[in-house]
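# Structural features, examined
These are the residues of each chain, in order.
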Amino acid sequence: MYSPKTIFLASIAGAVFLTRIVPQYAPFSSLFLTFFVLFISQFTTWFAWACVLWPKYFSPLNKLPQPKESSFLFGQFPKISRETNGAPMREWVSTIPNEGLIRYTHIFNADRVLITSPNALREVLVTKNYEFIKPPQFRTGLGQLLGIGVLLAEGEEHKRQRKLLMPAFAFRHIKDLYPTFWAKAHEVVEAMTQAISHPKSEDTDPAIVDVSNWASRVTLDIIGVAGMGHDFNAVQDPTSDLNQCYRDIFQPTRGGQILGLLGAFLPGWVIQNLPIKRTKQIQQARKIIRKVCFDLIAKKRVKLEKGESTDKDILSVSIQSGGFSDEDLVNQLMTFLAAGHETTASAMAWMAYTMCKYPEVQQRLREEIRGSLPSIGDAGSTVSSTEIDNLPYLHAVCNEIMRAYPSVPVTLRIAVEDATILGNFIPKGTSIILSPWAINSSKELWGEDAKEFNPDRWMGPGMANTGGAESAYSNLSFLHGPRSCIGKDFAKAEFACLVAAWVGRFDMHFADEGYVLDIAGGITVKPKGLKVRMKAVEGW
Ligand code: HEM
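Residues numbered from 1 in each chain as written. Predicted model: local features only at pLDDT ≥ 70, side-chain atom pairs only at ≥ 80, totals over all residues. Heavy atoms only, no water.

With that settled, consider the layout of surface pockets. Counted as a void, the second largest pocket has a volume near 610 Å³. Lining the second largest pocket are 28 residues, and of these His395, Asn399, Asn465, Lys488 and Lys492 lie nearest its centre. Elements represented by at least two residues in the lining of the second largest pocket include exactly helix 20 (385-389), helix 21 (392-404) and helix 24 (488-505). When grouped by side-chain class, the residues that make up the lining of the second largest pocket number 15 nonpolar, eight polar and five charged. (1 Å grid on protein atoms, 1.4 Å probe; cavity = no way out; pocket = protein on both sides within 12 Å on 5 of 7 lines; lining within 4 Å. Points joined across faces, edges and corners; volume = space filled by probe spheres on them. Helix = DSSP H or I, 4+ residues; strand = E, 2+ residues; numbered from the N terminus. Nonpolar A, V, L, I, M, F, W, Y, C, P; charged D, E, K, R; others polar.)

In structure tokens, the structure reads:
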């Protein structure tokens, strides 16, 4: 498709051709000036067509409902960049009457289609799943840190990888991981209990805790132990290279946002080699993460070859499938390390926020946990999947946190060919927006109190799995279909164990009583600047 990126490349090629091969026809002898003239002239033509004529008069998407106000050139981009990721979509779902699709435009009026109804979601996520792929710039951008594992692979390659990995995520296997999750939950609450009772300096109050930091460390350890059979020990030692890497690269920065935007216009290799701090940071992180993964694979192979391992972690199951080369395995490990830890860490940050905001929920949950589970303070204590999964209020609170504040508020697809959704023509290349946050809080799907935090919607007969919503597509936190979160059961079990341990042990209040929710992040989101005053509650 003709785009600024192809114009850029075509202008470079044209300028080289004109100045080097047929200089008599070049407008200038300078390569740069020739490039500049070619670029500007092509860009202007493209601009008039793509930014004015096509979106305003020719786009078949014009007939779909859309937001009223729109910038002349940048569509809804100014609103989207000003607000929290997913907030505009959340607003449009409930304010623009629609039948499953809302159209809006982005930079240079590029078309976007927001999916709003269960039937439309079913088409995009299930029946036509491979017609709507992840944007290619994800592969070049995220691919550096995640490798091209199951998260970024497409088509037949994705099917192959997913089939080989599925056994590791089957519930019969996940249920054996509950004691591992519980052991790490024990370790982190003990470390936190120690930390909040020992001042580090005179002017810091140890009881005021940066929950995101602890949450990221414990979830990194859990994906290490349960996913790869290796303890990164980030709970005890936050200074390890790997922990530091993820803290740096997942910190939303201006540099990262700018690179994301440039990705729409420049080829991936140009972006990756820009001489700026952010690209250097990413290259360094990639080196460290890959080395950690290669070492883990080598160690695990030796163990498996000697017949010493009966491990059931994701890595062991992947090696034993025989379908992955070492390079493939590195890509899968990089994927699980990133996809499997910041997402759950974000859910933990939302847990802390909701517990502070709704102290009565916190109190009720603590009573259920303490009344039913063995004390987290007892180093030898363990729990089974049945013990955790049978606590109705814990189940309800965890589900409600993930519904009301999904870790991934928005994700994207691109129509790989001309397609249709609910019979509406979708031209090739159109961006399709899936917004878990918007869907999970749609009044149409959840009723009048959709935007309220109400764990009780998951209580009562027949409510535990649905929260009262009629369609499974009303809850999009893990998406659905062949590209849904492969780690859903893993994440839910891990989250329930961590929440039980954390709420069972600590009383939590906002450190700043007037805290007003502001949301930070990119792919995953968290309450910005949240600090929690924590106190260990005696007797458990
Ligand atoms: C609260 C925790 C989690 C949430 C909310 C979550 C959410 C999601 C979402 C929304 C996607 C789809 C992204 C897209 O296609 O655009 C996804 C995919 C994925 N998630 Fe999770 N996730 C969580 C935890 C985990 C964990 C613990 C693991 C690994 C152990 C994991 C591994 C993956 C993988 C590998 C994919 C790609 C699946 C594919 O494309 O076939 N996630 N997750």
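Continuing now.
Within the protein, a single donor atom binds the iron atom of the ligand, namely Cys485 (SG) at 2.3 Å. Along the polypeptide, cysteine 485 turns up in the loop between helix 23 (443-446) and helix 24. (Donors = N, O, S within 2.8 Å, 3.2 Å for Na, K, Ca; no water.)

Turning our attention to the nonpolar core. Counting residues in each nonpolar core, the largest one holds 134 residues, and the members touching the most others are Ile115, Ile289, Met351, Phe490, Trp502, Met508 and Met534. Sorting elements by how many residues they give to this core places helix 24 first, with 12 residues. Residue contacts for isoleucine 289: discarding those within four places in its chain leaves Leu145, Leu242, Cys245, Tyr246, Ile249, Met334 and Leu337. If you look at the next biggest cluster of nonpolar residues, it comprises 12 residues, including Phe35, Ala50, Cys51 and Phe108. (Core = buried A, V, L, I, M, F, W, Y, C linked by side-chain atoms within 4.5 Å. Buried < 20%, exposed > 50% of the residue type's maximum accessible area, 1.4 Å probe, protein only. Contact = heavy atoms within 4.5 Å.)

On to the sheet that holds strand 8 (residues 431-434). Pairing within the open sheet is mixed, and its five strands lie in the order 1-2-8-5-3. Since the sheet does not close on itself, it has two edges, and those belong to strand 1 (101-105) and strand 3 (132-133), each with one partner. Examined bridge by bridge, strand 1 and strand 2 (residues 111-115) share five bridges and lie antiparallel to one another. Within the sheet, the bridge partner assigned to threonine 105 lies in strand 2 and is aspartate 111. Lying over the sheet, helix 4 (residues 87-95) contacts strand 1, strand 2 and strand 8, oriented at roughly 135° with respect to strand 1. (Pairing = 2+ DSSP bridges. Axes fitted to C-alpha atoms, helices over the stretch in contact; angles between N-to-C directions.)

On to the UniProt feature "binding site: heme" (unreviewed entry) in the protein, then. Under the UniProt annotation, the feature "binding site: heme" (unreviewed entry) is placed at Cys485. Residue classification places cysteine 485 among the partly exposed positions, given a relative accessible area of 34%. Beyond its immediate sequence surroundings of up to four residues, cysteine 485 is in contact with Arg162 and Phe478. (UniProt positions renumbered as here; feature names shortened; annotations may be inferred.)

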